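Residue-level structure breakdown
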Amino acid sequence: MFKKLWDVFIAFVRASNLGFGGGPAVVPLIKAEAVDRYHWMDEQEFADALAISNALPGPIATKMASHIGYKQAGWPGVVVALIGTVVPTLIIVILLSNIIMKYSDSPELKAMLKAVRPVVVVLIAQTAFEMGRKSFSALSSWGIAAVTAALIYFTSIHPVFFIASAMLFGWIVYGRRKKTEIVDKNL
Amino acid sequence: MFIQLWDLLIAFARASNFGFGGGPAVIPLIKIEAVERYQWMTDAQFADALAVVNVLPGPIATKLAGYIGYQIAGWSGSLSALIGTILPTVIAVIFLTAFLIKYSDSPILKGMLKGVRPVIVILIAQTAFDMGKDSFPNLTTWGIALVALVTLNWFKLHPALLIVISMAFGFLVFR
(Lines give C-alpha, C1' and ligand atoms only; values in the text may rest on other atoms or scores of the structure.)
Protein backbone atom coordinates (compact mmCIF):
# COMPACT_ATOMS: atom_id res chain seq x y z
CA MET A 1 0.00 0.00 0.00
CA PHE A 2 2.75 2.44 0.97
CA LYS A 3 4.68 1.47 -2.12
CA LYS A 4 1.62 2.23 -4.26
CA LEU A 5 1.03 5.60 -2.61
CA TRP A 6 4.68 6.48 -3.05
CA ASP A 7 4.53 5.53 -6.75
CA VAL A 8 1.42 7.67 -7.27
CA PHE A 9 3.05 10.59 -5.46
CA ILE A 10 6.31 10.39 -7.40
CA ALA A 11 4.53 9.92 -10.73
CA PHE A 12 2.61 13.17 -10.26
CA VAL A 13 5.58 15.08 -8.88
CA ARG A 14 7.53 14.15 -12.01
CA ALA A 15 4.65 14.80 -14.41
CA SER A 16 3.59 18.13 -12.97
CA ASN A 17 7.01 19.59 -12.33
CA LEU A 18 8.37 19.08 -15.81
CA GLY A 19 5.27 20.24 -17.68
CA PHE A 20 6.00 23.72 -18.97
CA GLY A 21 2.88 25.45 -20.31
CA GLY A 22 0.22 24.76 -17.70
CA GLY A 23 -2.21 21.85 -17.39
CA PRO A 24 -2.28 20.80 -21.07
CA ALA A 25 1.53 20.42 -21.10
CA VAL A 26 1.25 18.11 -18.10
CA VAL A 27 -1.17 15.69 -19.84
CA PRO A 28 1.45 13.87 -21.99
CA LEU A 29 3.69 13.50 -18.95
CA ILE A 30 0.85 12.03 -16.89
CA LYS A 31 0.31 9.58 -19.75
CA ALA A 32 4.01 8.66 -19.76
CA GLU A 33 3.74 7.77 -16.06
CA ALA A 34 0.28 6.18 -15.84
CA VAL A 35 0.22 4.30 -19.15
CA ASP A 36 3.81 3.72 -20.26
CA ARG A 37 5.74 3.47 -17.03
CA TYR A 38 3.46 2.08 -14.30
CA HIS A 39 0.84 0.44 -16.58
CA TRP A 40 -1.99 1.60 -14.35
CA MET A 41 -4.25 2.03 -17.36
CA ASP A 42 -4.31 1.58 -21.16
CA GLU A 43 -4.71 4.27 -23.82
CA GLN A 44 -8.49 3.95 -23.86
CA GLU A 45 -8.83 4.29 -20.11
CA PHE A 46 -6.55 7.31 -20.28
CA ALA A 47 -8.89 8.81 -22.88
CA ASP A 48 -11.82 8.10 -20.54
CA ALA A 49 -9.99 9.87 -17.72
CA LEU A 50 -9.51 12.88 -20.01
CA ALA A 51 -13.19 12.74 -20.98
CA ILE A 52 -14.25 12.96 -17.33
CA SER A 53 -11.79 15.77 -16.69
CA ASN A 54 -12.84 17.74 -19.73
CA ALA A 55 -16.51 17.38 -18.93
CA LEU A 56 -16.02 19.23 -15.64
CA PRO A 57 -14.82 22.79 -15.03
CA GLY A 58 -11.52 23.80 -13.43
CA PRO A 59 -7.85 22.90 -13.94
CA ILE A 60 -7.19 19.66 -15.90
CA ALA A 61 -4.09 18.36 -14.13
CA THR A 62 -5.66 18.19 -10.67
CA LYS A 63 -8.72 16.41 -12.05
CA MET A 64 -6.52 13.83 -13.81
CA ALA A 65 -4.54 13.39 -10.58
CA SER A 66 -7.73 12.82 -8.57
CA HIS A 67 -9.11 10.29 -11.05
CA ILE A 68 -5.91 8.26 -11.35
CA GLY A 69 -5.10 8.54 -7.64
CA TYR A 70 -8.57 7.29 -6.71
CA LYS A 71 -8.43 4.34 -9.10
CA GLN A 72 -5.05 3.29 -7.76
CA ALA A 73 -5.41 3.79 -4.04
CA GLY A 74 -8.77 5.33 -3.08
CA TRP A 75 -8.90 8.57 -1.11
CA PRO A 76 -5.29 8.37 0.16
CA GLY A 77 -4.29 8.04 -3.50
CA VAL A 78 -6.22 11.20 -4.33
CA VAL A 79 -4.47 13.12 -1.56
CA VAL A 80 -0.93 12.09 -2.50
CA ALA A 81 -1.56 12.62 -6.24
CA LEU A 82 -2.86 16.14 -5.55
CA ILE A 83 0.00 17.00 -3.21
CA GLY A 84 2.49 15.77 -5.80
CA THR A 85 0.82 17.86 -8.50
CA VAL A 86 0.35 21.11 -6.63
CA VAL A 87 2.73 21.53 -3.72
CA PRO A 88 6.29 21.49 -5.15
CA THR A 89 5.80 24.30 -7.70
CA LEU A 90 3.59 26.25 -5.32
CA ILE A 91 6.32 26.34 -2.70
CA ILE A 92 8.77 27.56 -5.32
CA VAL A 93 6.33 30.26 -6.45
CA ILE A 94 5.79 31.52 -2.92
CA LEU A 95 9.35 31.38 -1.66
CA LEU A 96 11.12 32.56 -4.78
CA SER A 97 8.57 34.90 -6.34
CA ASN A 98 10.79 37.95 -5.92
CA ILE A 99 13.74 36.29 -7.60
CA ILE A 100 11.61 34.80 -10.36
CA MET A 101 9.98 38.17 -11.04
CA LYS A 102 13.40 39.70 -11.48
CA TYR A 103 14.43 36.98 -13.95
CA SER A 104 11.13 36.34 -15.75
CA ASP A 105 12.28 38.76 -18.45
CA SER A 106 15.84 37.46 -18.67
CA PRO A 107 17.06 36.27 -22.07
CA GLU A 108 18.34 32.98 -20.58
CA LEU A 109 14.94 32.02 -19.26
CA LYS A 110 13.22 33.10 -22.45
CA ALA A 111 15.70 31.06 -24.49
CA MET A 112 14.99 27.95 -22.43
CA LEU A 113 11.22 28.35 -22.71
CA LYS A 114 11.50 29.02 -26.42
CA ALA A 115 13.33 25.72 -26.94
CA VAL A 116 10.99 23.68 -24.75
CA ARG A 117 7.81 24.84 -26.47
CA PRO A 118 8.23 22.83 -29.71
CA VAL A 119 8.89 19.75 -27.57
CA VAL A 120 5.69 20.33 -25.61
CA VAL A 121 3.75 20.67 -28.88
CA VAL A 122 5.21 17.39 -30.16
CA LEU A 123 4.39 15.64 -26.87
CA ILE A 124 0.78 16.78 -26.93
CA ALA A 125 0.34 15.91 -30.62
CA GLN A 126 1.87 12.49 -29.94
CA THR A 127 -0.62 11.94 -27.09
CA ALA A 128 -3.52 12.73 -29.43
CA PHE A 129 -2.08 10.39 -32.08
CA GLU A 130 -1.57 7.46 -29.70
CA MET A 131 -5.02 7.83 -28.18
CA GLY A 132 -6.52 8.09 -31.65
CA ARG A 133 -4.80 4.92 -32.83
CA LYS A 134 -6.35 2.98 -29.98
CA SER A 135 -9.76 4.58 -29.78
CA PHE A 136 -10.86 4.96 -33.40
CA SER A 137 -12.26 1.45 -33.34
CA ALA A 138 -15.03 1.98 -35.86
CA LEU A 139 -15.61 4.00 -39.00
CA SER A 140 -18.13 6.06 -37.04
CA SER A 141 -15.31 7.09 -34.64
CA TRP A 142 -13.61 8.78 -37.59
CA GLY A 143 -16.93 10.42 -38.40
CA ILE A 144 -17.27 11.81 -34.88
CA ALA A 145 -13.69 13.06 -34.99
CA ALA A 146 -14.17 14.73 -38.39
CA VAL A 147 -17.40 16.44 -37.36
CA THR A 148 -15.82 17.64 -34.10
CA ALA A 149 -12.74 18.99 -35.88
CA ALA A 150 -14.87 20.79 -38.47
CA LEU A 151 -17.13 22.36 -35.83
CA ILE A 152 -14.15 23.49 -33.76
CA TYR A 153 -12.56 25.03 -36.83
CA PHE A 154 -15.61 26.73 -38.29
CA THR A 155 -17.65 27.64 -35.23
CA SER A 156 -16.95 28.71 -31.67
CA ILE A 157 -19.20 26.17 -29.96
CA HIS A 158 -17.98 25.30 -26.47
CA PRO A 159 -16.10 21.94 -26.17
CA VAL A 160 -18.41 20.78 -23.36
CA PHE A 161 -21.19 20.66 -25.95
CA PHE A 162 -19.15 18.23 -28.10
CA ILE A 163 -18.50 15.99 -25.12
CA ALA A 164 -22.16 15.89 -24.12
CA SER A 165 -23.48 15.28 -27.63
CA ALA A 166 -20.86 12.59 -28.42
CA MET A 167 -21.89 10.75 -25.25
CA LEU A 168 -25.53 10.98 -26.26
CA PHE A 169 -24.63 9.74 -29.75
CA GLY A 170 -22.62 6.86 -28.25
CA TRP A 171 -25.50 5.92 -25.99
CA ILE A 172 -27.98 5.80 -28.86
CA VAL A 173 -25.78 4.24 -31.53
CA TYR A 174 -23.38 1.92 -29.65
CA GLY A 175 -25.11 1.55 -26.29
CA ARG A 176 -28.14 -0.43 -27.36
CA ARG A 177 -26.39 -3.23 -29.17
CA LYS A 178 -25.67 -6.51 -27.48
CA LYS A 179 -22.55 -6.48 -25.32
CA THR A 180 -20.58 -8.84 -27.56
CA GLU A 181 -20.94 -6.56 -30.55
CA ILE A 182 -19.41 -3.50 -28.96
CA VAL A 183 -16.36 -5.16 -27.45
CA ASP A 184 -13.57 -3.07 -28.85
CA LYS A 185 -11.02 -4.89 -30.91
CA ASN A 186 -8.46 -2.20 -30.30
CA LEU A 187 -8.41 -1.26 -33.94
CA MET B 1 -8.74 37.13 9.29
CA PHE B 2 -11.48 34.53 9.03
CA ILE B 3 -13.45 36.68 6.69
CA GLN B 4 -10.38 36.98 4.45
CA LEU B 5 -9.91 33.22 4.33
CA TRP B 6 -13.58 32.77 3.56
CA ASP B 7 -13.40 35.38 0.78
CA LEU B 8 -10.38 33.59 -0.73
CA LEU B 9 -12.16 30.25 -0.60
CA ILE B 10 -15.29 31.60 -2.25
CA ALA B 11 -13.46 33.72 -4.84
CA PHE B 12 -11.39 30.80 -6.07
CA ALA B 13 -14.23 28.30 -5.86
CA ARG B 14 -16.25 30.63 -8.08
CA ALA B 15 -13.43 31.35 -10.55
CA SER B 16 -12.32 27.75 -10.91
CA ASN B 17 -15.70 26.11 -11.08
CA PHE B 18 -17.13 28.27 -13.80
CA GLY B 19 -14.10 27.94 -16.09
CA PHE B 20 -14.51 25.09 -18.54
CA GLY B 21 -11.41 24.13 -20.52
CA GLY B 22 -8.73 23.83 -17.86
CA GLY B 23 -6.42 26.45 -16.37
CA PRO B 24 -6.35 28.91 -19.29
CA ALA B 25 -10.13 29.35 -19.09
CA VAL B 26 -9.87 30.02 -15.37
CA ILE B 27 -7.30 32.84 -15.47
CA PRO B 28 -9.65 35.63 -16.65
CA LEU B 29 -12.15 34.60 -13.98
CA ILE B 30 -9.47 34.76 -11.27
CA LYS B 31 -8.61 38.24 -12.47
CA ILE B 32 -12.23 39.36 -12.12
CA GLU B 33 -12.29 38.16 -8.51
CA ALA B 34 -8.83 39.32 -7.39
CA VAL B 35 -8.57 42.64 -9.22
CA GLU B 36 -12.11 43.86 -9.79
CA ARG B 37 -14.30 42.34 -7.11
CA TYR B 38 -12.11 42.09 -4.00
CA GLN B 39 -9.36 44.50 -5.13
CA TRP B 40 -6.64 42.41 -3.55
CA MET B 41 -4.21 43.54 -6.22
CA THR B 42 -3.82 45.97 -9.11
CA ASP B 43 -3.81 45.04 -12.78
CA ALA B 44 -0.02 45.34 -12.86
CA GLN B 45 0.42 43.13 -9.80
CA PHE B 46 -1.82 40.51 -11.41
CA ALA B 47 0.28 40.64 -14.58
CA ASP B 48 3.42 40.13 -12.47
CA ALA B 49 1.87 37.17 -10.69
CA LEU B 50 0.90 35.67 -14.02
CA ALA B 51 4.43 36.17 -15.36
CA VAL B 52 5.89 34.34 -12.36
CA VAL B 53 3.58 31.34 -12.56
CA ASN B 54 3.98 31.08 -16.33
CA VAL B 55 7.71 30.56 -16.01
CA LEU B 56 7.31 27.58 -13.70
CA PRO B 57 6.04 24.13 -14.67
CA GLY B 58 2.76 22.55 -13.58
CA PRO B 59 -0.88 23.66 -13.66
CA ILE B 60 -1.37 27.45 -13.84
CA ALA B 61 -4.58 27.91 -11.87
CA THR B 62 -3.35 26.25 -8.67
CA LYS B 63 -0.08 28.16 -8.69
CA LEU B 64 -1.96 31.43 -9.16
CA ALA B 65 -4.41 30.55 -6.37
CA GLY B 66 -1.66 29.57 -3.94
CA TYR B 67 0.37 32.67 -4.75
CA ILE B 68 -2.49 35.18 -4.43
CA GLY B 69 -3.77 33.45 -1.29
CA TYR B 70 -0.31 33.74 0.26
CA GLN B 71 -0.05 37.44 -0.59
CA ILE B 72 -3.40 38.14 1.09
CA ALA B 73 -3.27 35.93 4.18
CA GLY B 74 -0.04 33.92 4.40
CA TRP B 75 0.12 30.13 4.31
CA SER B 76 -3.45 29.70 5.53
CA GLY B 77 -4.61 32.01 2.75
CA SER B 78 -2.67 29.91 0.27
CA LEU B 79 -4.38 26.75 1.52
CA SER B 80 -7.79 28.41 1.51
CA ALA B 81 -7.46 29.53 -2.12
CA LEU B 82 -6.17 26.10 -3.15
CA ILE B 83 -9.06 24.28 -1.50
CA GLY B 84 -11.51 26.59 -3.26
CA THR B 85 -9.80 25.90 -6.59
CA ILE B 86 -9.60 22.13 -6.48
CA LEU B 87 -11.97 20.65 -3.90
CA PRO B 88 -15.33 21.03 -5.72
CA THR B 89 -14.07 19.51 -8.98
CA VAL B 90 -12.04 16.83 -7.17
CA ILE B 91 -15.20 15.62 -5.44
CA ALA B 92 -17.10 15.69 -8.73
CA VAL B 93 -14.32 13.76 -10.50
CA ILE B 94 -14.24 11.08 -7.81
CA PHE B 95 -17.99 10.75 -7.92
CA LEU B 96 -17.80 10.18 -11.70
CA THR B 97 -14.82 7.83 -11.34
CA ALA B 98 -16.66 5.68 -8.78
CA PHE B 99 -19.66 5.63 -11.11
CA LEU B 100 -17.41 4.60 -13.99
CA ILE B 101 -15.89 1.74 -12.00
CA LYS B 102 -19.25 0.53 -10.72
CA TYR B 103 -20.93 0.47 -14.13
CA SER B 104 -17.90 -0.44 -16.22
CA ASP B 105 -19.78 -3.44 -17.65
CA SER B 106 -22.83 -1.48 -18.69
CA PRO B 107 -23.25 -1.40 -22.48
CA ILE B 108 -24.74 2.09 -22.24
CA LEU B 109 -21.69 3.50 -20.44
CA LYS B 110 -19.37 1.67 -22.82
CA GLY B 111 -21.27 3.14 -25.73
CA MET B 112 -21.07 6.66 -24.28
CA LEU B 113 -17.32 6.37 -23.72
CA LYS B 114 -16.78 4.96 -27.18
CA GLY B 115 -18.68 7.92 -28.58
CA VAL B 116 -16.74 10.54 -26.63
CA ARG B 117 -13.17 9.22 -27.14
CA PRO B 118 -12.75 10.65 -30.67
CA VAL B 119 -13.89 14.05 -29.36
CA ILE B 120 -11.20 13.93 -26.66
CA VAL B 121 -8.57 13.01 -29.26
CA ILE B 122 -9.59 16.02 -31.36
CA LEU B 123 -9.59 18.34 -28.35
CA ILE B 124 -6.05 17.28 -27.44
CA ALA B 125 -4.93 17.62 -31.06
CA GLN B 126 -6.52 21.08 -31.06
CA THR B 127 -4.47 22.03 -27.98
CA ALA B 128 -1.30 20.97 -29.78
CA PHE B 129 -2.35 22.96 -32.84
CA ASP B 130 -3.13 26.10 -30.83
CA MET B 131 0.13 25.93 -28.89
CA GLY B 132 1.96 25.19 -32.13
CA LYS B 133 0.81 28.46 -33.68
CA ASP B 134 3.36 30.54 -31.80
CA SER B 135 5.88 27.89 -30.87
CA PHE B 136 7.73 27.75 -34.18
CA PRO B 137 9.23 31.19 -34.81
CA ASN B 138 12.25 29.89 -36.74
CA LEU B 139 13.81 26.87 -38.46
CA THR B 140 15.70 25.75 -35.35
CA THR B 141 12.45 25.26 -33.44
CA TRP B 142 11.22 23.01 -36.28
CA GLY B 143 14.48 21.11 -35.95
CA ILE B 144 13.89 20.67 -32.21
CA ALA B 145 10.40 19.33 -32.92
CA LEU B 146 11.74 16.86 -35.50
CA VAL B 147 14.46 15.58 -33.16
CA ALA B 148 11.87 15.28 -30.38
CA LEU B 149 9.57 13.26 -32.63
CA VAL B 150 12.34 10.89 -33.70
CA THR B 151 13.85 10.30 -30.26
CA LEU B 152 10.41 9.84 -28.73
CA ASN B 153 9.30 7.20 -31.23
CA TRP B 154 12.43 5.36 -32.20
CA PHE B 155 14.65 5.68 -29.15
CA LYS B 156 11.77 5.70 -26.65
CA LEU B 157 13.31 8.57 -24.74
CA HIS B 158 11.30 9.59 -21.66
CA PRO B 159 9.44 12.88 -22.32
CA ALA B 160 10.80 14.41 -19.10
CA LEU B 161 14.35 13.86 -20.32
CA LEU B 162 13.46 15.44 -23.64
CA ILE B 163 12.17 18.52 -21.85
CA VAL B 164 15.31 18.93 -19.77
CA ILE B 165 17.59 18.45 -22.80
CA SER B 166 15.65 20.95 -24.92
CA MET B 167 15.90 23.58 -22.18
CA ALA B 168 19.63 23.09 -21.89
CA PHE B 169 19.86 23.38 -25.68
CA GLY B 170 17.83 26.60 -25.64
CA PHE B 171 20.03 28.03 -22.91
CA LEU B 172 23.12 27.42 -25.03
CA VAL B 173 21.79 28.29 -28.48
CA PHE B 174 18.96 30.85 -28.28
CA ARG B 175 20.48 33.11 -25.66
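Residues numbered from 1 in each chain as written. Chains lettered and ligands numbered in written order. Predicted model: local features only at pLDDT ≥ 70, side-chain atom pairs only at ≥ 80, totals over all residues. Heavy atoms only, no water.

Some details on the overall build of chain A
A tally of regular secondary structure across chain A gives 8 helices and 0 strands. For chain A, the succession of helices and strands along the chain, N to C, is α-α-α-α-α-α-α-α. Summarising the internal contacts of chain A: among those between residues at least 6 apart in sequence, 59% fall at separations of at least 24. For chain A, the exposed surface amounts to about 8400 Å²; the carbon and sulfur share of it is 67%. (Helix = DSSP H or I, 4+ residues; strand = E, 2+ residues; numbered from the N terminus. Contact = heavy atoms within 4.5 Å. Areas by Shrake-Rupley, 256 points an atom, 1.4 Å probe, with all protein chains shown as cover.)

Topic: a nonpolar patch on the surface
There is a patch of nonpolar side chains on the surface, built from Val79, Ile83, Val87, Ile91, Ile92, Leu95, Leu96, Ile99 and Tyr103 of chain A together with Trp75 of chain B and spanning about 880 Å² of accessible area. Here valine 79 of chain A shows up in helix α4 (residues 60-103). (Patch = residues over 30% accessible without salt bridge, like charges linked within 9 Å, V, L, I, M, F, W, Y side chains within 5 Å. Salt bridge = Lys/Arg side-chain N within 4 Å of Asp/Glu carboxyl O.)

Here's the deal with helix α4 (residues 60-102) of chain B
Over its 43 residues, α4 of chain B runs only 32 Å from end to end, short of the ideal 63 Å by more than 12%, given 1.5 Å per residue. At alanine 73 of chain B, α4 of chain B shows its maximal bend, which comes to roughly 145°. (Expected span 1.5 Å × (residues − 1). Bend = angle between axes of the 7 residues up to and from the residue.)

Here we look at the nonpolar core
Grouped together as the largest cluster of nonpolar side chains are 79 residues, with contacts concentrated most on Ile30, Phe46, Leu50 and Met131 of chain A together with Ile120, Ile124 and Ile163 of chain B. Of all the elements, helix α5 (residues 107-135) of chain A adds the most residues to this core, at 12 residues. Beyond its immediate sequence surroundings of up to four residues, methionine 131 of chain A is in contact with Glu43, Phe46, Ala47 and Leu50 of chain A together with Ile120, Val121 and Ile124 of chain B. Ala11, Met41, Leu64 and Ala81 of chain B belong to the second-largest nonpolar core, a separate cluster that totals 31 residues. (Core = buried A, V, L, I, M, F, W, Y, C linked by side-chain atoms within 4.5 Å. Buried < 20%, exposed > 50% of the residue type's maximum accessible area, 1.4 Å probe, protein only.)

Structural notes on the confidence of the model for chain B
All names here are of chain B. Taken residue by residue, chain B gives an average pLDDT of 89. The fraction at 70 or more is 99%. Looking over chain B, one finds the lowest element-wise mean pLDDT in helix α3 (residues 43-55), namely 86, and the highest in α4, namely 93. For this predicted complex, the interface score ipTM comes out at 0.86, while the overall pTM is 0.86. (pLDDT = per-residue confidence, 0-100.)

Remarks on the interface of chain B and chain A
At the interface, 87 residues of chain B touch 98 residues of chain A. Buried area between chain B and chain A, both sides added, is near 8400 Å², and the carbon and sulfur share of it is 81%. There are 1 salt bridge connecting chain B and chain A. With a closest N to O distance of 2.8 Å, aspartate 48 of chain A and arginine 117 of chain B form a salt bridge. At the boundary of chain B and chain A, one finds 7 residue pairs in polar contact (both at pLDDT 80 or more). Sorting the residues of the side of chain B that touches chain A by element identifies α1 (2-17), α2 (23-37), α3, α4, α5 (107-133), α6 (139-154) and α7 (159-173) of chain B as the ones contributing at least two each. Examining the composition of the side of chain B that touches chain A, we find that 23 residues originate from one element, α5 of chain B, more than from any other. (Buried area = accessible area lost by both parts, 1.4 Å probe. Polar contact = N/O pair within 3.5 Å; in protein donor to acceptor, adjacent residues only side chain to side chain.)

Here we look at the domain arrangement of chain B
Taken domain by domain, chain B holds domain 1 (2-135) and domain 2 (136-175). Between domain 1 of chain B and domain 2 of chain B, the C-alpha centre-to-centre distance is 29 Å. (Domains from an automatic or database assignment.)

What about the packing of aromatic side chains?
Per the counting criterion, the structure on display carries 12 aromatic pairs over all chains. Ring plane angle 10° and centroid distance 4.6 Å describe the contact between tyrosine 38 of chain A and tryptophan 40 of chain A, whose orientation is recorded as stacked. Taking 6.0 Å as the distance between ring centres and 65° as the angle between the ring planes, the aromatic pair formed by phenylalanine 161 of chain A and phenylalanine 162 of chain A counts as edge-to-face. With relative accessibility at 4%, the residue phenylalanine 162 of chain A sits in the buried group. Sitting over the face of the ring of phenylalanine 174 of chain B, lysine 114 of chain A holds its NZ or CZ atom 4.5 Å from the ring centroid. Here the basic side chain of lysine 114 of chain B rests over the ring of tyrosine 174 of chain A, its NZ or CZ set 4.3 Å away from the ring centre. (Phe/Tyr/Trp six-rings, centres within 6.5 Å; stacked < 30°, edge-to-face > 60°. Lys NZ or Arg CZ within 6 Å of the ring centre and 35° of its normal.)

Here's the deal with the pattern of salt bridges
All told, the structure shown has 8 salt bridges over all chains when counted by the stated rule. Ionic pairing is found between glutamate 43 of chain A and lysine 31 of chain A, a salt bridge with its closest N-O pair at 3.6 Å. Here lysine 31 of chain A lies in helix α2 (residues 23-37) and glutamate 43 of chain A lies in helix α3 (residues 43-55), a separation of 12 residues in the sequence. One salt bridge connects arginine 14 of chain B with glutamate 33 of chain B, and the closest N-O pair in it is separated by 2.9 Å. Of this pair, arginine 14 of chain B sits in helix α1 while glutamate 33 of chain B sits in helix α2; the two residues are 19 residues apart in sequence, bridging distant segments of the chain. Of the residues examined, arginine 14 of chain B reaches a relative accessible area of 25% and is grouped as partly exposed.

Brief notes about unusual backbone geometry
One non-glycine residue, histidine 39 of chain A, lies in the positive phi region at around 55°. Counting through the fold element by element, histidine 39 of chain A comes out in the loop between α2 and α3. A positive phi angle, near 50°, is found at glutamine 39 of chain B, a position not held by glycine. Here glutamine 39 of chain B shows up in the loop between α2 and α3.

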